[in-house]
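Residues per chain are reported as follows:
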Amino acid sequence: MEFAIAYSKERVQFGVPIAMHQAIQFLIADMSTKVHLSRLATLELGGPCSTRAKRNTLESSHAKRFAADSAMEVTTDAVQVYGGYGSSRITRSRS
């Protein structure tokens, strides 16, 4: 996500960085929210377990699923920010 944000500030389209376009701003805001909430859930439940072991297991499973789904969605959105560069393959010439 951080790389996609930095790229959006560098890439210019229609005379302005793409980070200034509302669609990209919404995309980045959604990405940031998903990453932030995934981190919060993981940190909250990643500490030492208390006596509520069953509840911690269930909540940890929810946090894991949410974080995994969010990671995939954020990665897909980051590819969208990169546009054509997000799906191109760089080949190096052999010297």
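As a reminder, the structure under discussion sits directly above these lines.
Residues numbered from 1 in each chain as written. Predicted model: local features only at pLDDT ≥ 70, side-chain atom pairs only at ≥ 80, totals over all residues. Heavy atoms only, no water.

A. Fine view of the pattern of salt bridges. With the rule as written, the count across this model stands at three salt bridges. Between Arg39 and Glu2 there is a salt bridge whose closest N-O contact spans 3.9 Å. Of this pair, Arg39 sits in helix H2 (residues 22-45) while Glu2 is found in helix H1 (residues 2-10), placing the two residues 37 residues apart along the sequence. Owing to a relative accessible area of 49%, Glu2 belongs among the partly exposed residues under this scheme. (Salt bridge = Lys/Arg side-chain N within 4 Å of Asp/Glu carboxyl O. Helix = DSSP H or I, 4+ residues; strand = E, 2+ residues; numbered from the N terminus. Buried < 20%, exposed > 50% of the residue type's maximum accessible area, 1.4 Å probe, protein only.)

B. View of the side chain of Ser38. With respect to the helices and strands, Ser38 occurs in helix H2. Taking the relative accessible area as the measure of exposure, Ser38 reaches 9% and is therefore buried. Of the polar contacts made by the side chain of Ser38, one reaches the backbone oxygen of Lys34; its length is 2.8 Å. (Polar contact = N/O pair within 3.5 Å; in protein donor to acceptor, adjacent residues only side chain to side chain.)

C. Representation of the packing of H1 against H2 in the model. Interhelical geometry of H1 versus H2 gives an angle of 160° and a closest axis separation of 11 Å. Compared by their axis directions, H1 and H2 come out roughly antiparallel. Taken as a pair, H1 and H2 cross one another with a handedness that is left-handed. On H2, the residues touching Glu2, Ala4, Ile5 and Ser8 of H1 are Ile24, Ile28, Met31 and Arg39. Of the residues contributing to the contact of H1 with H2, the split by class is five nonpolar, one polar and two charged. (Axes fitted to C-alpha atoms, helices over the stretch in contact; angles between N-to-C directions. Parallel < 35°, antiparallel > 145°, perpendicular 65-115°, else oblique. Left-handed = near helix turned anticlockwise from the far one by under 90°. Contact = heavy atoms within 4.5 Å. Nonpolar A, V, L, I, M, F, W, Y, C, P; charged D, E, K, R; others polar.)

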